[in-house]
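# Examining the three-dimensional arrangement
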Amino acid sequence: MEYEAFFNAALNKLHDERRYRVFAEIERSADSFPAALWHSPQGVKKIVIWCSNDYLGMGRHPVTIKAMQEAAARWGAGAGGTRNISGNSHAIVELEKELADLHGKEAALVFTSGYVSNQTGISTIARLVPDCLILSDSLNHNSMIEGVRQAGRDKIIFRHNDLGHLEELLKQHEARPKLIVFESIYSMDGDVAPIHAVCDLAGRYGALTYLDEVHAVGMYGPRGGGIADRDGASHRVDVIEGTLGKAIGVVGGYIAASSAIVDAVRSYAPGFIFTTALPPAVAAAATASIRHIKTSSAEREQQQAKVRRVKEAFAARGLPVLPTNTHIIPVLIGNAELCKAASDRLLERHDIYIQPINYPTVPRGQERLRLTPGPFHTEEQIVALTEAMVEVWQALGLPYALPRDAAE
């Protein structure tokens, strides 16, 4: 049997649908980020990154790098295995204390990535609650969708941020145990969940709440605890999930909750029990980054100023930016092939890297460029970006007008 033919057919399908993913080989620089080096087919070129999820540049911050270097020199490069076999490293224990404090929770549990913390956290929590019904926002991240699926429990999808629809579903299942899973900031549209209102409904109808703060941790709130921190809602949410790989600038994921919930997940979750722990150097770097973010608002303020400046510059030139009150700037194109062409032209002609966002990350017809300005982007780079975007829009004949429903 020609097994290779199956794989080639699957790849050809992606090419035919114009959604085959091409990864640019990029070399970040701790000294000059967001400037970087692109290893292009024609050779190495200097570029500027405009789509990094290292939102605050903490991945290159001296406190983060120093903590990682010192920890690696002291404890070595690896973790040595799973936490139940090789023991809880002191660095991870300290990190979990820092995360619990960040969100005002009794305890926290660290995983190898934000994807794993959602996939494992949701599925384990729902399995431990008898007859649990999961209510999931329609725009939840794939990691949450997989967590819901792997739970093996009944699930219902409620319309995105639609409190009326959510309440209608809760009423229909008032007697059952329930888990509401939703995000604070939705990464592709940049919109925000009404956390207090969701918690009101959860209290009224006896549901647990599970909030993904992946794109908000470090970015919002007086200490960077996320949208729930900013809105004074952290104490109302049962489980807060986050990542160490975006604004924290390292890698890993976690949940923060009551001691009982965290201990139960720790004790029952295969995705935690049977995987190698984060290396101590990674945990130490994340701890140092979080401690800095808790006490310094400078990075957040600078980042928000750059976001406002880019939005103003784009608006002045009529570029089709989806409305958002967050740090995420989605620029709608609405066609997979054109979206890839726009990304390629920005990189090849203007030395600007913005990854195209196509299906299945967004629905077909919602293809876009997703920008995340950071605190270290300069005014000169913002001007160059704006002029490059206008040139690309004109050269490719891209639409300037937003669909009516997207503009509202």
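See the structure above.
Anyway, here's the lowdown on the structure attached to this text. Owing to the predicted nature of the structure, the values given are computational and were not obtained by experimental measurement. (Residues numbered from 1 in each chain as written. Predicted model: local features only at pLDDT ≥ 70, side-chain atom pairs only at ≥ 80, totals over all residues. Heavy atoms only, no water.)

### With respect to the packing of helix 7 (residues 163–172) against helix 8 (residues 195–205)
The condition that has to hold: Here an axis means a line fitted to C-alpha atoms, over the contact stretch when the element is a helix, while the angle between two N-to-C directions is reported on a 0 to 180 degree scale. Helix and strand assignments come from DSSP, with helices taken as H or I runs of at least 4 residues and strands as E runs of at least 2, each series counted from the N terminus. An angle below 35 degrees is treated as roughly parallel, one above 145 as roughly antiparallel, one from 65 to 115 as roughly perpendicular, and anything else as oblique. By definition, any crossing whose near helix is turned counterclockwise from its far helix by less than a right angle is left-handed, and any crossing with a clockwise turn is right-handed. Contact definition: two residues touch when any of their heavy atoms are within 4.5 Å.
One can describe the packing of helix 7 onto helix 8 by two numbers: an axis separation of 10 Å at closest approach and a directional angle of 15 degrees. It follows that helix 7 is roughly parallel to helix 8 by the angle criterion. Crossing of helix 7 against helix 8: the hand is right-handed. Contacts from Leu-163, Leu-166, Glu-167, Leu-170 and Lys-171 of helix 7 reach helix 8 at Ala-197, Val-198, Leu-201, Arg-204 and Tyr-205.

### Topic: the sheet that holds strand 14 (residues 368–371)
We apply this condition: At least two DSSP bridges between two strands are required for those strands to pair.
Overall, antiparallel pairing links the three strands, which are arranged 11-14-13 in an open sheet. Two strands in the sheet have a free side with no partner beyond their single neighbour: strand 11 (329–332) and strand 13 (356–357). Sheet analysis places strand 13 next to strand 14, joined by two bridges and oriented antiparallel. Bridge pairing links Ile-357 to Arg-368 in strand 14. Lying over the sheet, helix 13 (residues 298–316) contacts strand 11 and strand 14, oriented at roughly 20 degrees with respect to strand 11.

### Looking at unusual backbone geometry
A cis amide bond links Phe-33 with the next residue in sequence, Pro-34, at an omega value of 15 degrees. With respect to the helices and strands, Pro-34 occurs in the loop between strand 1 (26–28) and strand 2 (35–40). For the peptide bond that leads from Tyr-359 to Pro-360, omega is 10 degrees, which places it in the cis range. With respect to the helices, strands and loops of the structure, Pro-360 is situated in the loop between strand 13 and strand 14.

### Structural notes on a nonpolar patch on the surface
Condition: Grouping into patches uses exposed residues only, defined as over 30% relative accessible area, and leaves out salt-bridged ones; the cut-off is 9 Å for like charges and 5 Å for nonpolar side chains (Val, Leu, Ile, Met, Phe, Trp, Tyr). Methods summary: accessible areas were calculated by the Shrake-Rupley approach with a probe of 1.4 Å, and residue burial reflects only the protein chains presented. Note on definitions: salt bridges are taken to be side-chain nitrogens of Lys or Arg within 4 Å of carboxyl oxygens of Asp or Glu.
Taken together, Met-1, Tyr-3, Phe-6 and Phe-7 make up a surface patch of nonpolar side chains, about 560 Å² in accessible area. Note that Phe-6 resides in helix 1 (residues 3–16).

Keep in mind that these numbers describe shape and distance, not what the molecule does.
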